Amino acid sequence: MLLTDKNVIITGASRGIGRAAALECARQGANVVIGYSGSPSSYSAVEELIKEIEALGQKAVAVGAPAGDPETGELLVEAAVSNFGGVDVFVNNAGICPFHSFLDMPRELYLETVNTNLNGAFFAVQAAANQMKRQGRGGAIIAVSSISALVGGGMQTHYTPTKAGLLSLMQSCAIALGPYGIRCNAVLPGTIETDINKDDLADQEKRDYMASRTPLGRLGRPEDLAGPIVFLASEMAQYVTGASLLVDGGMYVNLQ
Ligand SMILES: NC(=O)C1=CN([C@@H]2O[C@H](COP(=O)(O)OP(=O)(O)OC[C@H]3O[C@@H](n4cnc5c(N)ncnc54)[C@H](O)[C@@H]3O)[C@@H](O)[C@H]2O)C=CC1
Ligand SMILES: C[C@H](O)[C@@H]1OC(=O)[C@H](O)[C@@H]1O
């Protein structure tokens, strides 16, 4: 197992990529703090995830708090410390992508997207890093960025800058936190079928187009991200920091 006795925090873990990562971390021997929005509609999914992690023989605890709140990172860290005794891995995964055209972008939608995806991440990464520094045994921080950190999207002008920002945050934090043995890396998913793009991919033409752009011949699944996240969290990646790992079935390099 790659994460035996490690204590992992994952934000946005109630479903999608975060959920798949939480389960794989538990399979690899980790205890998991499940960050979720706090919405009552998510709670049954969170309860189910806790049961699945416990069935794997690991501990799980849930913290419901909005990702964009600057205090949320501290709450997640407090939960890891009080329930498990510390934090070894922090995965910043929570995010939204409400597709919208640029010229009439509502100010509130722009601000909500940046706050949820990037501003909250800054403070949560800071809280996790301070705890790792106090513990004195290093750690791993992983941001779920996106292929959209590298390429644009006409209906994602509010979103792509947050993903580029997360990638940049990991690069700078790799420098700031390297002296404490804290590694900081990003995963860059391509198009992964989850609730975030359910409406967008309901358009069969768009769906077929996205799949046709993918050399591996299919859209991604949440589980496709679990291995790369566990790898970056583990000692297998002990000399990897400031790196980004595209997990996109080859979509990014597929020019022609
Ligand atoms: N699905 C895809 O094609 C891609 C997804 N990503 C990123 O992966 C991450 C996970 O997304 P998916 O699993 O795909 O979608 P999803 O919609 O299934 O999961 C998003 C998670 O974030 C949580 N979340 C959303 N707003 C929140 C808030 N204000 N406070 C706390 N939690 C909140 C949701 O509750 C959910 O657990 C996101 O950061 C997304 O930008 C990146 C590239 C591609
Ligand atoms: C939500 C999109 O389908 C998804 O999110 C991203 O970051 C990429 O742009 C994907 O296409």
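Since the model is a prediction, treat every value here as computed from it, not as a measurement.

Procedures and definitions
Residues numbered from 1 in each chain as written. Chains lettered and ligands numbered in written order. Predicted model: local features only at pLDDT ≥ 70, side-chain atom pairs only at ≥ 80, totals over all residues. Heavy atoms only, no water. 1 Å grid on protein atoms, 1.4 Å probe; cavity = no way out; pocket = protein on both sides within 12 Å on 5 of 7 lines; lining within 4 Å. Points joined across faces, edges and corners; volume = space filled by probe spheres on them. Helix = DSSP H or I, 4+ residues; strand = E, 2+ residues; numbered from the N terminus. Nonpolar A, V, L, I, M, F, W, Y, C, P; charged D, E, K, R; others polar. Near = heavy atom within 4 Å. Polar contact = N/O pair within 3.5 Å; in protein donor to acceptor, adjacent residues only side chain to side chain. Areas by Shrake-Rupley, 256 points an atom, 1.4 Å probe, with all protein chains shown as cover. Buried < 20%, exposed > 50% of the residue type's maximum accessible area, 1.4 Å probe, protein only. Pairing = 2+ DSSP bridges. Right-handed = clockwise from strand over helix to strand, strands pointing away. Axes fitted to C-alpha atoms, helices over the stretch in contact; angles between N-to-C directions. Parallel < 35°, antiparallel > 145°, perpendicular 65-115°, else oblique. Left-handed = near helix turned anticlockwise from the far one by under 90°. Contact = heavy atoms within 4.5 Å. Expected span 1.5 Å × (residues − 1).

**Q** With reference to specific residues and values, describe the layout of surface pockets.
**A** When its volume is computed, the second largest pocket comes out at roughly 150 Å³. Along the walls of the second largest pocket sit F122, V125, Q126, A129, N130, K133, C173, A176, L177 and Y180, which together make up its complete lining. Listing elements by their share of the lining of the second largest pocket, those giving two or more residues are α4 (107-135) and α5 (160-177). The dominant element in the lining of the second largest pocket, judged by the number of residues it contributes, is α4, at six residues. Of the residues contributing to the lining of the second largest pocket, the split by class is seven nonpolar, two polar and one charged.

**Q** Requested: an account of the site of ligand 2, with residues and values cited.
**A** Near ligand 2, the surroundings consist of C97, F99, S146, S148, Q156, Y159, G190, T191, I196 and N197. Contact distances for ligand 2 include 3.1 Å between an oxygen atom and a side-chain N or O atom of Q156. In this structure, an oxygen atom belonging to ligand 2 sits 3.2 Å away from a side-chain N or O atom of N197. Isolated, ligand 2 exposes 290 Å² of accessible area, and the fraction of that covered by the protein chains is 90%.

**Q** Any details on the pairing of strand β1 (residues 7-10)? Residues and values, ideally.
**A** Burial along β1 is two-sided: N7 and I9 facing one way and V8 and I10 facing the other are all buried. As paired elements, β1 and strand β2 (residues 31-36) share four bridges and run parallel to each other. In the strand pairing of β2, N7 is matched with N31. Read as a crossover between parallel neighbours, the route from β1 over helix α1 (residues 16-27) to β2 is right-handed. Here three bridges tie β1 to strand β4 (residues 89-92), and the two strands are oriented parallel to one another.

**Q** Go over the packing of α1 against helix α2 (residues 43-55) with me, naming the residues and quoting the values.
**A** Packing of α1 against α2 brings their axes to within 9 Å, and their N-to-C directions diverge by 20°. Classified by the angle their axes make, α1 and α2 are roughly parallel. Considering only the axes of α1 and α2, their crossing is right-handed. Contact with α1, carried on its side by R19, A22, L23 and A26, involves E48, L49, E52 and I53 of α2 and no other residues of that element. Across the contact of α1 with α2, the residue classes break down as five nonpolar, no polar and three charged.

**Q** How would you sum up α5? Please name residues and give values.
**A** Helix length check: α5, at 18 residues, gives a terminal C-alpha distance of 25 Å against a target of 26 Å (1.5 Å per residue), a fit within 8%. Among the residues of α5, those classed as buried are T160, T162, K163, G165, L166, L167, L169, M170, C173, A174 and L177. Elements that come into contact with the buried residues of α5 comprise β4, α4, β5 (139-144), β6 (182-189) and β7 (244-247).

**Q** Please set out the sheet that holds β4 residue by residue, giving values where relevant.
**A** Reading across from one edge, β3-β2-β1-β4-β5-β6-β7 is the order of the seven strands in this open sheet, with parallel pairing throughout. Every interior strand has two partners, whereas the edge strands, β3 (60-64) and β7, have only one. Here the strands of the sheet are splayed against their neighbours by 15° on average, with no regard to which way each runs. With four bridges connecting them, β6 and β7 associate as parallel partners. Paired with A186 across the two strands is S244, which belongs to β7. Relative to the sheet, α4 contacts β4, β5 and β6, its axis offset from that of β4 by approximately 180°.

**Q** Just give me the short version of the site of ligand 1, but keep the residues and values in it.
**A** Surrounding ligand 1, one finds 27 residues, the nearest of these being A67, N93, Y159, I192 and T194. The contact in question runs from an oxygen atom of ligand 1 to an N or O atom on the backbone of I17, over 2.8 Å. Contact distances for ligand 1 include 2.6 Å between an oxygen atom and a side-chain N or O atom of Y159. Across the complex, the protein chains shield 92% of the 820 Å² of accessible surface that ligand 1 would expose by itself. Of the residues contributing to the shell around ligand 1, the split by class is eleven nonpolar, 13 polar and three charged.

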